[in-house]
Amino acid sequence: MTVDVSNYIALSAVMFFIGVAGVVLRRNPLIALMAIELMLNAANLALVAFARAWANNAGHVFVFLVVTVAAAEAAIGLAIVVAVFRRAKNVDVDEVARLHG
Amino acid sequence: MSVLDILWLLPLASAVLIWALGPQLRRTAGALGTAAVLASFVAALTLFSAATTAPGLHETLGTWVPGFTFGLQLDPLSLLWTLIITGVGGLIHLYSIGYMWSDRAIARFFAYMNFFVFAMLTLVLSDNVVGLLVGWGLVGLASYFLIGFWFYKPSAVAAAKKAFVINVVGDVGIMFAVFALYASTASISFADIFAKAGALPPGILLLVCIGLFIGAAAKSAQVPLHTWLPDAMEGPTPVSALIHAATMVTAGVYLVARFAPLYSLTPSGQELVAVIGAITMVLGAVLGIAQWDIKRILAYSTMSQIGYMILGVGVGAYQAGVLHFFTHAFFKAQLFLTAGLIIHALHDEQDVRKMGGLRERLPFAFWAMLIGTLAIIGFPYSSGFYSKDAVIYGALEHGHPWLYVAGVLTAGITAYYMFRMIFLVFFGPYRGDVPDEALAIDPRPVVPHAEDHGSHAPAWLMQVPVAVLMVPTIVAGYVAIAHDGSSPWTRFFGALFPVGEVAAGRALPISEVGSTLLVLVLVACGILVAYARYGAPAVQLAAVDRLRRETVTMPPALRHAFWFDDLIDAAIVHPAQALGMAIARFVDPHVIDAAVRDLVWLAGALGVLFRKLQTGLVRGYALTIVIGAAAFIAYFATLGGRP
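This brings us to the overall build of chain B. The helix and strand tally for chain B stands at 28 helices and two strands. Seen through its principal axes, chain B has C-alpha atoms that stretch 110 × 60 × 50 Å. Counting over 643 residues, chain B shows a buried share of 49%. Counted over contacts in chain B with a minimum sequence separation of 6, partners at least 24 positions apart contribute 81%.

This is how it looks when you write it as structure tokens:
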């Protein structure tokens, strides 16, 4: 059974906008990070879908890169969250606004 | 490496070596520098026959970009200058060992001198206009170094700056000529330019000739760019002899002679050169009358004699003009070196009012000075006799009777001011205050920084070069004596110079012999007037009072050298200073500083404005990114997607 590529793209778009909503609307940084991961994986899904559809391996290679970057980003993001939590004793993204000059 | 390369680079190598090892070499630097220049001279001699057989010696050094091929060439004209630069230059180097013996910067002096020789060789050996311009600039630099050699004297520093600035005016003139030549011939080499010279539009040709002559006028102290030369006498006397008499100041003559194929096509350009040369010739001689400093007398006489040369090459009598360069290099170098002997013997006294009666006490200097003077005034059978007559009569032959008259008159004035100097320096009672026993040709410490006061250079170091120069001072003109219609001089140049329009068949108002006699009569008059005013025994007894009175009653025009310095000050220097002050007072604070201040204010204002956007709310930023990305996608999906 072959699934049309447009279905994958639609799923990818849905995932992406869930991620966007998560980042913009939720104040918990852990949720925001998870939403970012969701957006990245939505992009990954689109890349893999197109790579399959057009039989071009470049998409697969990009996915590996994106996964690597996502891992690094998650590590750094969590480290920042921990650092902020230590200082502020709660986790709220808007709390970081105090850093601005 | 060819012999040509070696003779060109040897002085540079020596200069660098002396520069690097100066403190260790000390007086050995003099021997090294002299040896390098004399070796170049010998190398040039070995190339004599190769250079004089047409088309001469040529060597390509390298190509920069297409059209810019640099090389060296040695044709008769280059060879003549090379031989004078290295030959007379070598003798002056030898003399300098004695003259600079007690100066603790003797190594620096020889580094500069060798650098000058290299620069001058670059100028005359280049086969292209750019190389010539480089050499032209470098000799100006060397001249600046050497005029300001005693840099603790403010007057020397001022003179050096003045010389450099005026010479840069000339450099710019040549630069524009080079631009015009390259733009119209697409080449910088002399051979290409001269081959295409006939096809150049007359306007361009005239512009090029004027540009080149501005350079020649600045370097060769032609009116109105001459004011630096008398001031340049602040340098050590060997420098005056080498750079400001024998070689560098004659570069203008070389330039006009080198570009003879262009000048011969531009009668109005030639006219300009000849007239300026004649004005300089007369002016220099007139001002030579009014000087009290022995070196300034010689400086104005140099200016006047270069006027003769420029007149010669300007009217188209190239061989005559260049012949006068050739003989002048010997007798003027000799005169300057002899003046150096006197200055040394009198413990740095240069004022002729404080000399007198030195004939018995400095007999060698007397005879040397007398022979040089006889040559410069054109005494029969001395070298100047042949060259000066050739120039003067050449002006008539090429159809310039007024310039001819000026040349004849100037010959009389020359005799007057030169014998005025002889009488003031060597005859009558001694008017100075140097005791008899201290008076000798005996190099003394010449500068306050002198070291080991007890050590004296051997006197022969300074006498031998003067004695050697006496020979060509007398005989150098004999090359121009014609047998069967051609002299060694004309054979030497062969077909190098274009033959201008000579008045063949046209009746000249005076024959060549008649002209010579006329000049000699005027020269005799000049000597007689000088004798009556300064030489007669009755005059000499009251000389001190007379000279004091003459100093006071000197016409202001002569005392101020016809106000050329004041004129240049009023026309250029003061307006430039006023402009500078105006810029400093108004443009600087109200335009440049104001612009910077306003920019700072603008940056601050923008910062205040945009700071409001920076809330620190991460979700806000994320929303902005989303909106931005959505806008991009919308744009490319709808409008920009289709090309």
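There's plenty left to go through after this.
The next thing to look at is the overall build of chain A. Scanning chain A for helices and strands turns up three helices and zero strands. In chain A, the succession of helices and strands from N to C terminus is α-α-α. Its C-alpha radius of gyration of 17 Å places chain A more than 25% over the 13 Å reference for a compact globule of 101 residues. Considered along the principal axes of its C-alpha atoms, chain A spans approximately 55 × 25 × 25 Å. For chain A, the residues scored as buried account for 15% of the 101 residues in total. Within chain A, contacts between residues separated by at least 24 positions form 46% of all contacts whose residues are at least 6 apart in sequence.

Glancing now at the interface of chain A and chain B. With 10 residues of chain A at the interface, the matching set in chain B holds nine residues. Taken together, the residues of the side of chain A that touches chain B break down into seven nonpolar, one polar and two charged.

For the rest of this paragraph, the subject is helix H16 (residues 318–345) of chain B. All names here are of chain B. Counted at 1.5 Å a residue, the expected span for H16 with its 28 residues is 40 Å, and the 40 Å between its end C-alpha atoms agrees. Where H16 bends most, at His328, the angle is about 30 degrees. Taking burial as the measure, the 28 residues of H16 include 27 buried ones, the bulk of the element. Following H16 by one or two positions, His347 has its phi on the positive side, about 55 degrees.

Before going further, it helps to spend a moment on the packing of helix H2 (residues 28–46) of chain B against helix H5 (residues 106–125) of chain B. All names here are of chain B. The N-to-C vectors of H2 and H5 enclose an angle of 10 degrees; their axes lie 9 Å apart at closest approach. In terms of orientation, H2 lies roughly parallel with respect to H5. Across the interface between the two elements, Ala29, Gly30, Gly33, Ala36 and Val37 from H2 touch Ile106, Ala107, Phe110, Met113, Asn114 and Val117 from H5.

Our next topic: the packing of helix H2 (residues 29–54) of chain A against helix H3 (residues 58–88) of chain A. The relative placement of two packed helices comes down to the angle between their axes together with the axis-to-axis distance. Residue and element names in this part refer to chain A. As a packed pair, H2 and H3 sit with axes 9 Å apart at the nearest point and diverge in direction by 175 degrees. What the angle tells us is that H2 and H3 run roughly antiparallel. Where H2 abuts H3, its residues Pro29, Leu30, Leu33, Glu37, Leu40, Ala43, Asn44, Leu47, Val48, Phe50 and Ala51 lie against Ala58, Gly59, His60, Phe62, Val63, Val66, Val67, Ala70, Ala74, Gly77, Leu78 and Val81. Tallied by class, the residues present in the contact of H2 with H3 amount to 18 nonpolar, four polar and one charged.

Residues B:Phe116 and B:Ala333 are the most contacted members of the largest nonpolar core, which totals 204 residues. If near-sequence neighbours (up to four positions away) are discounted, B:Phe116 is found in contact with B:Val139, B:Ala142, B:Leu146 and B:Ile243.

The next thing to look at is the environment of A:Asn28. Residues and elements named next belong to chain A. Note on placement: Asn28 falls in the loop between helix H1 (5–25) and H2. On the basis of neighbour count, Asn28 is assigned to the partly exposed category, with 15 C-beta atoms found within 10 Å. A sequence separation of 46 residues divides Asn28 from Ala74, and the C-alpha atoms of the two residues are 15 Å apart.

Before going further, it helps to examine unusual backbone geometry. All names here are of chain B. Pro224 follows Val223 through a cis peptide bond whose omega is 0 degrees. Within the chain, Ala186 stands out as a residue other than glycine whose phi angle is a positive 60 degrees. A residue is classified by how many C-beta atoms lie within 10 Å of it, and Ala186, with 12 of them, is exposed. The phi dihedral of Ala221 falls on the positive side, at around 55 degrees, and the residue is not glycine. Among the structural elements, Ala221 can be located in the loop between helix H9 (202–219) and helix H10 (228–231).

Let's shift gears to helix H12 (residues 251–258) of chain B. In terms of residue burial, H12(B) counts as a mostly covered element, since eight of its eight residues are buried. All buried positions along H12(B) are accounted for by B:Ala251, B:Gly252, B:Val253, B:Tyr254, B:Leu255, B:Val256, B:Ala257 and B:Arg258.

The predicted structure's coordinates, where accompanied by low pLDDT, should not be read in detail. Residues and elements named next belong to chain B. Averaged over all residues, the pLDDT of chain B is 87; the fraction at 70 or higher stands at 95%. Contacts of residues 441–454 to residues separated by more than four positions or lying in other chains number 34 contacts, the stretch itself having pLDDT below 50. Interface scoring of the predicted complex returns ipTM 0.73; its pTM is 0.78.

Attention now goes to the environment of B:Val596. Residue and element names in this part refer to chain B. Relative to the helices and strands, Val596 is located in helix H27 (residues 564–611). We classify Val596 as exposed; it has 10 C-beta atoms within 10 Å. Separated by 62 residues in the primary sequence, Val596 and Tyr534 place their C-alpha atoms 68 Å from one another.

Consecutive side chains along a regular strand alternate between the two faces of the sheet. Residue and element names in this part refer to chain B. Of the pairings in the sheet, the one linking strand E1 (residues 57–63) to strand E2 (residues 69–74) comprises six bridges and is antiparallel in character. Bridged to Thr63 within E2 is Thr69. From the end of E1 to the start of E2, which pair antiparallel, there are five residues, and Gly67 there has a positive phi angle of about 95 degrees.

Thresholds applied
Residues numbered from 1 in each chain as written. Chains lettered and ligands numbered in written order. Predicted model: local features only at pLDDT ≥ 70, side-chain atom pairs only at ≥ 80, totals over all residues. Helix = DSSP H or I, 4+ residues; strand = E, 2+ residues; numbered from the N terminus. Buried ≥ 20, exposed ≤ 12 C-beta atoms within 10 Å, placed from the backbone. Contact = placed C-beta atoms within 7 Å. Rg over C-alpha atoms; globule rule 2.2 N^0.38 Å. Nonpolar A, V, L, I, M, F, W, Y, C, P; charged D, E, K, R; others polar. Expected span 1.5 Å × (residues − 1). Bend = angle between axes of the 7 residues up to and from the residue. Axes fitted to C-alpha atoms, helices over the stretch in contact; angles between N-to-C directions. Parallel < 35°, antiparallel > 145°, perpendicular 65-115°, else oblique. Core = buried A, V, L, I, M, F, W, Y, C linked by C-beta atoms within 7 Å. pLDDT = per-residue confidence, 0-100. Pairing = 2+ DSSP bridges.

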